[in-house]
Every structure is written in C-alpha cells, then in structure tokens.
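Observations on chain architecture
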There are 2 protein chains.
Amino acid sequence: MSTKPDDTTIAAWIGLSRAQRVATAGIEARLKAAGFPPLAWYDALWELERAGGEGLRPFELERALLFEQYNLSRLIDRLEKAGLVVRRACPNDKRGQVLAITPEGLKLRCEMWGVYAPAIEAAVGAKLDAEEAKVLAGLLAKLAITSA
Amino acid sequence: MSTKPDDTTIAAWIGLSRAQRVATAGIEARLKAAGFPPLAWYDALWELERAGGEGLRPFELERALLFEQYNLSRLIDRLEKAGLVVRRACPNDKRGQVLAITPEGLKLRCEMWGVYAPAIEAAVGAKLDAEEAKVLAGLLAKLAITSA
DNA sequence: CCTACTTAGATGCAACTGCATCAAATTCAC
DNA sequence: GTGAATTTGATGCAGTTGCATCTAAGTAGG
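If you're wondering where the values come from, they're calculated on a predicted model, not measured in any experiment.

On to the overall build of chain A. Tallying secondary structure elements over chain A gives six helices and two strands in all. By principal-axis analysis of the C-alpha atoms, chain A measures approximately 50 × 40 × 25 Å. Per-residue burial over chain A gives 46% buried out of 148 residues. A fraction of 54% describes how many contacts in chain A between residues 6 or more apart in sequence connect residues 24 or more apart. Treating the 20 positive side-chain charges of chain A as one cloud and the 19 negative ones as another, the clouds have centres 5 Å apart.

Take a look at the structure:
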C-alpha cells in the first residue's frame, strides 16, 4: 500500500467529491426552501424510525450515520429540544440512554420525504439510467467499506 | 421531473454520501496526522498553481471549487495570513483582486501531495481495479453536471 | 450624465463543528 | 475483588460556516 494513485483513481476521487457536493447542495437547498431542517435530521429520524419501539443507543446511531460522537450528542440535543426525539434511561447500562422517535418526529420525517424523494430523483435519478444507477451504487458500496 | 426515485437511485444516492464521507474522512485524517491543513487549502493552492502567473480572481476560484462566496473570502484570509497566497489589486476591475500563490504556497502544496497522493490511493485506488475506477469516474462526472 | 440594476468581495452575528477533556459506568486482567 | 483500561456520553472553548447585509465598482437604459 501507500503507492501513488493513477490518473483514473484521481479522476474517481475528484468526481466523488464534486458529485457529492453538487448533489447534496441541490438536495439541501430544496429542503431548506421547503422550510425543513437539514438532511442530518432526516437521517437520524429515519434510523430511529427503522429501529422501531426498541429505540437506539446514541453510539449505535453514531455508527449508523458516521457521525462524530460530539456532533451526534448535540444533534440529539436539538432534536430533543424540537420534540422529535426522546432520551430515555437505558435499563442495561446506566451510563447510557435509549433514543426513540416521537410522533412529531415521525410526522416530520414523513413530510420531509415528500421533498427529499423528488430531490434525490432530480439530483441523481434524472442524470442516470437504471443500469448506470445500479453500477454506480455497486461501485460506491465498495468505497464505503472500511477495511480497518 | 419531480417524480419519485426508484430503489437503485436511492441506493446510489446513499452510496454517494457514505463513500464520500468514508473517503474524505480517511484522507483528511492522514493530512492532519502529518500536520497539514485541510483539503480545502490544497484545492485552492492547486487551482492557483495551475492558473500560473496570471493568477485567478476570487470569483473564478469560487466557481472552480464550488465554494460559497463568504467561505472563499475567509479561506483566502487564512491562506494570506499564512503567507501562501497574495491578494493583488485587479487592474481591470477596481472592485476586484487577483490571487496568486506564493513560493511558500507552492512548497506546501507540493509537500501536501506527498501525503495526499497515497491517501487517495488508499481511500479509492486500493478498493477498485482500473476498469472500475474508470467507470466510476465516468458515472460521477454525469452527476456533477449542473443542468441549471 | 443620472438613476436603477447587477457583480465583486467583506463582515457582524448566530449556529455549528472540532478538539480536548471530563465524569461516570462497565469491562478486563490479575 | 480491585485497580487499570475501555466505553458512553457531555461540554468548554476556539475555529468555521451560514445568513443576511453592506460597500464599492461596473453596466444599462433613458
């Protein structure tokens, strides 16, 4: 390892960076224009919704979202203050807590999807055919694997 | 437009987001560990280096890097304070300025590449073969096109 | 020219992030 | 079991980003 990247690798890296910025900027702009909070809120709410009544420990959410610990801690503060999430004491581990989405959280998550979904379509779907999207998803999945 | 994305499109979007985070985190971590400033500094220095003696107007750099205007303005402040870049008055347009990289800037850009290059290889090159990298770069380029 | 409009760049303020560190609970090794 | 090491989550502080707005200079339209 630690060799030099070839030109195609560099092109892929730059493309990754730019494509993600363009797509994210477009999607975030639509959410903001519709008066919704940023994507990170959606992601957190969605994970909690998928987790169901069980809820999730903050550290689990942290790993699912690839968030820094301190960022997640403060995101939860904001979500809680907004009434979208509740922190409950964790029965097994007295250090910890269990997070659960509230009905308001469910509602917001759902409303956001109404804007988020067409935004994804515009930022990604409209620029690729079905086969391309499939290939892209596969290649990106390889990059996301953290070998460490 | 504004239709719903299909599952592959959603998978591509999520993959884009995660792959970029994983790759960027790895690369930034290596730069930081080597005592270097963040990637944004590299990008700005590299653009200015490519522009050569002509230099670049801030708004050109802004578009090249997809930076917000106020972020670029302050990034230039920091680069200038660090002696890596100089702001010169623009002869044609008295509102504006021309940016140029200094010898110190050239030196730092070059030293950073020594860490950045293997970091790209580790984050991207090592996870894809040559053909995959090529295909990925092509697909990502399509996403970066801003139709507006 | 003179007013209206646009463009280039800076900046005050609030929100957010990163870093370092902390306290408390749990786990591990002996 | 007891002390060391690890894990969970919070937080003070400094640095950065986002928003809104501002000034100055260029560009039109009459």
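A few words now on the relation of the copies chain A and chain B. Under the fitted operation, chain A is carried onto chain B by 0.0 Å of movement along the axis and a turn of 180 degrees, and the coordinates agree to an RMSD of 0.0 Å. Both copies are brought into coincidence by an operation consistent with a two-fold rotation axis. Interface overlap between copies: 100% of the residues of chain A at the interface are likewise at the interface in chain B, consistent with a symmetric, same-surface contact.

Residue and element names in this part refer to chain B. At a minimum axis distance of 11 Å, the contact between helix H2 (residues 39-51) and helix H4 (residues 69-81) shows a crossing angle of 85 degrees. As judged from the angle between their axes, H2 and H4 are roughly perpendicular. Packed against H2, whose contacting residues are Ala40, Trp41 and Ala44, the element H4 presents Leu75, Arg78 and Leu79 at the interface. Per-class residue counts for the contact of H2 with H4 are five nonpolar, no polar and one charged.

All names here are of chain B. Among the secondary structure elements, Gly114 is positioned in helix H5 (residues 103-123). Gly114 sits in the partly exposed class, given a relative accessible area of 39%. C-alpha separation for the pair Gly114 and Leu31, spaced 83 residues apart in sequence, amounts to 9.7 Å.

Our next topic: the side chain of Thr9 of chain A. All names here are of chain A. Tracing the chain through its elements places Thr9 in helix H1 (residues 7-33). The exposure class of Thr9 is buried, given its relative accessible area of 5%. Within the structure, the side chain of Thr9 is placed 2.8 Å from the side chain of Asp6, a separation counted as a polar contact.

Turning our eyes to something else, we now look at the environment of Gln20 of chain B. For Gln20 of chain B, the position within the fold is in helix H1 (residues 7-33). Along the backbone, Gln20 of chain B and Gly96 of chain B are 76 residues apart, and their C-alpha atoms lie at a distance of 34 Å. Ignoring any residue separated from it by four or fewer positions in sequence, one finds Gln20 of chain B in contact with Leu16, Ser17 and Gln20 of chain A together with Gly15 of chain B.

As a further point, take the protein's contact with DNA strand D. Around DNA strand D, the surrounding shell holds 22 residues, and the nearest of these are Lys32, Arg87 and Arg95 of chain A together with Asn71 and Arg95 of chain B. Protein-adjacent atoms of DNA strand D, using a 4 Å cutoff, are sugar or phosphate at a proportion of 59%. A distance of 3.3 Å separates a phosphate oxygen of DNA strand D from a polar side-chain atom of Arg57 of chain A. A distance of 3.2 Å is found between a phosphate oxygen of DNA strand D and a side-chain nitrogen or oxygen belonging to Arg63 of chain A. Elements with a contribution of two residues or more to the surface near DNA strand D: helix H3 (58-65) and helix H4 (69-81) of chain A together with H4 of chain B. Residues belonging to the surface near DNA strand D are distributed by class as follows: four nonpolar, six polar and 12 charged.

Let us look at the protein's contact with DNA strand C. Near DNA strand C there are 22 residues, and of these Tyr70 and Asn71 of chain A together with Lys32, Arg87 and Arg95 of chain B occur at the shortest range. Of all atoms in DNA strand C that approach within 4 Å of the protein, 65% are sugar or phosphate atoms. Separating a base nitrogen of DNA strand C from a side-chain N or O atom of Arg95 of chain A is a distance of 3.4 Å. Within the side chain of Arg87 of chain B, one N or O atom sits 2.7 Å away from a phosphate oxygen of DNA strand C. Every element with two or more residues in the surface near DNA strand C is listed here: H4 of chain A together with helix H3 (58-65) and H4 of chain B. Per-class residue counts for the surface near DNA strand C are four nonpolar, six polar and 12 charged.

Conventions adopted
- Residues numbered from 1 in each chain as written.
- Chains lettered and ligands numbered in written order.
- Predicted model: local features only at pLDDT ≥ 70, side-chain atom pairs only at ≥ 80, totals over all residues.
- Heavy atoms only, no water.
- Helix = DSSP H or I, 4+ residues; strand = E, 2+ residues; numbered from the N terminus.
- Buried < 20%, exposed > 50% of the residue type's maximum accessible area, 1.4 Å probe, protein only.
- Contact = heavy atoms within 4.5 Å.
- Lys, Arg positive; Asp, Glu negative; His and termini not counted.
- Charge placed at Lys NZ, Arg CZ, Asp CG, Glu CD.
- Least-squares fit on C-alpha atoms with pLDDT ≥ 70 in both.
- Axes fitted to C-alpha atoms, helices over the stretch in contact; angles between N-to-C directions.
- Parallel < 35°, antiparallel > 145°, perpendicular 65-115°, else oblique.
- Nonpolar A, V, L, I, M, F, W, Y, C, P; charged D, E, K, R; others polar.
- Polar contact = N/O pair within 3.5 Å; in protein donor to acceptor, adjacent residues only side chain to side chain.
- Near = heavy atom within 4 Å.

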